[in-house]
Amino acid sequence: MSLRIGILGAARIAPTALVKPASSHSSVSVGAVAARSLERAQTFATRHRIPAAYGSYDELLADPEIDAVYNPLPNGLHGKWTRAALEAGKHVLCEKPFTANAAEAREIASLASSSDRVVMEAFHYRYHPLALRVEEIVASGELGTLERVETAVCFPLPKFSDIRYDYGLAGGATMDAGCYAVHMARAFGGETPSVVSATARLRSPRVDRAMTAEVRFPSGHTGRVTCSMWSSSLLNISAKVTGSRGSISVVNPLMPQAYHRMSVQVDGVRRTEKFPRRATYAYQLDAFAAAVLDGAPVRTSAADAVETMTVIDEIYRAAGLPVREPS
């Protein structure tokens, strides 16, 4: 069996997230790309040796040779085109954040659960052995009773005309960088937290360029989620989980293939752990293909996305900002 995937939009992330890992995957191929203009789609297809190009997303969804779609469109369009793909009978790998808000995520999750199609949110880091190991250590009780989880995803994006700052496309630091930080807090904290407080730094009246949120988990441990696309914390991608007996500290849990450092300290004894340099996106594609072709479960399901989007909405409300809306 094989899986033919079409790409909705000639996005900059698509070659790294899908085209490259698919080129070395025995059961996956990229069969088509669609863009807002046929010329742009053809240029992208030629550059990346994709056999078919379409000048509209609907044309790609109508292609009977395409089994699944990768949806890397702007945030505000994720829900619309994931819905359209499901209605066309396609499996979906949707870039994060899954939708513009939790209400839309619940709608898409309900549609996904009533279909026989796989819908997976593209939190690629969670399929890498490093993230799996952090979750394993936390679940084992080695750290003792959990006390604190701190996650941060901060990087500089000084191009303020970028769509990630566009409220009309469901932009903002919490949607872009912050969805990773929220997801890591949930994954490594073992539960979905509630938001205690949040403070934003603004790019425009409705759009955050940075956000810090204090959270509390149902079991009692606390946490902090920090994100920015433009702040004094120019680059900070990290996670720390602290328990009564010790802690885990990770530098760069999102792209460990490029560089990572993981340190575990328990009862005063410190150790480091190293992981393969294979790309997170390759592990993610393995998981998506296994789900579609073999019925394997996914760790970043539509139901999981509802939990993440609920926290994001709570952060915006706590910071006094409007929840994002679909485009």
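Further up the page is the structure itself.
Description of the structure in this document. (Residues numbered from 1 in each chain as written. Predicted model: local features only at pLDDT ≥ 70, side-chain atom pairs only at ≥ 80, totals over all residues. Heavy atoms only, no water.)

1. Remarks on the sheet that holds strand β5 (residues 91-94)
Test applied: In this description, strands pair whenever DSSP reports at least two bridges between them. Helix and strand assignments follow DSSP, with helices taken as H or I runs no shorter than four residues and strands as E runs no shorter than two, numbered in order from the N terminus. Axis definition: a line fitted to C-alpha atoms, limited for helices to the stretch in contact. Angles are taken between N-to-C directions and run from 0 to 180 degrees.
Spatially, β3-β2-β1-β4-β5-β6 is the arrangement adopted by the six strands of the open sheet, whose pairing is parallel. What marks the edges here is a single partner per strand, and that holds for β3 (52-54) and β6 (119-121). The sheet shows a mean angle of 25° between the axes of neighbouring strands, taken without regard to direction. Across four bridges, the pairing between strand β4 (residues 68-71) and β5 is parallel. Note on β5: the bridge partner recorded for Asn 71 is Cys 94.

2. Section: unusual backbone geometry
Residue Lys 96 is joined to Pro 97 through a cis peptide bond whose omega torsion reads -10°. Of note, Pro 97 is situated in the loop between β5 and α5 (102-113). Positive phi, normally seen in glycine, also occurs at Arg 49, with a value near 55°. When you line up the elements, Arg 49 lands in the loop between α2 (38-48) and β3.

3. Describing the nonpolar core
To keep it simple, the criterion reads: For our purposes a nonpolar core is just a set of buried Ala, Val, Leu, Ile, Met, Phe, Trp, Tyr and Cys residues, chained together by side-chain atoms within 4.5 Å. Residue burial is assigned from relative accessible area. The probe radius is 1.4 Å, only protein chains are included, and a residue is buried under 20% of its type maximum, exposed over 50%, and partly exposed in between. We call two residues contacting when some pair of their heavy atoms lies within 4.5 Å.
Of all hydrophobic cores here, the largest spans 81 residues; its most connected members are Leu 60, Tyr 125, Phe 188, Ile 248 and Met 262. Looking at this core, the element that brings in the most residues is helix α7 (residues 173-189), giving eleven residues. Contact partners of Leu 60, with chain neighbours within four places excluded, come to Gly 6, Ile 7, Leu 8, Ala 32, Val 33, Ala 34, Tyr 54, Ile 66 and Val 69. One finds Ala 35, Phe 44, Tyr 283 and Ala 289 within the second-largest nonpolar core, a separate group that totals 33 residues.

4. Observations regarding the side chain of His 124
Heads up, the rule is: Each polar contact in these results corresponds to two N or O atoms within 3.5 Å; when the atoms are within protein, one needs to be able to donate a hydrogen and the other to accept it, and residues that are neighboring in sequence are counted only if both atoms are side-chain atoms.
Inspection of the secondary structure assignment puts His 124 in the loop between β6 and α6 (129-140). Classification of His 124 as buried rests on a relative accessible area of 2%. Reaching out from His 124, the side chain makes a polar contact with the side chain of Thr 280 at a distance of 2.7 Å. Apart from the residues lying within four places of it in its own chain, the contact partners of His 124 are Tyr 180, Leu 254, Met 255, Thr 280, Tyr 281 and Gln 284.

5. Quick notes on the sheet that holds strand β13 (residues 261-266)
With respect to topology, eight strands assemble into an open sheet ordered β8-β9-β10-β7-β11-β12-β13-β14, the strand pairing being mixed. Because the sheet does not close on itself, it has two edges, and the strands there are β8 (194-204) and β14 (269-273). Across the sheet, the mean angle from the axis of one strand to that of its neighbour is 10°, orientation sign disregarded. Sheet topology note: the strand β12 (residues 246-251)/β13 ladder contains six bridges and is antiparallel. What sits directly across from Ser 247, in β13, is Gln 265. Here helix α9 (residues 302-318) sits on the sheet in contact with β8 and β9 (207-216), set at roughly 65° to β8.

6. Re the pairing of β9
Taken together, the nine bridges between β8 and β9 define a ladder with antiparallel strand orientation. Following the sheet pairing, Ser 204 is matched in β9 by Val 207. In sequence, β8 turns back onto β9 through a hairpin of two residues. In the sheet, β9 pairs with strand β10 (residues 222-228) via seven bridges, with the strands oriented antiparallel. Pairing of Arg 216 across the sheet is with Thr 222, part of β10.

7. What about the pattern of salt bridges?
Cut-off, in case you're wondering: A pairing counts as a salt bridge when a side-chain nitrogen of Lys or Arg comes within 4 Å of a carboxyl oxygen of Asp or Glu.
Summed over all chains, the structure comprises 20 salt bridges. Among the ionic pairs, Arg 271 bridges to Glu 273, the shortest N-O distance being 2.9 Å. The exposure class of Arg 271 is partly exposed, given its relative accessible area of 28%. Exposure remark for Glu 273: the relative accessible area of 14% places this residue in the buried category. Put simply, Arg 12, Lys 96, Asp 162, Arg 164 and Asp 176 are held in one network by salt bridges that share partners.

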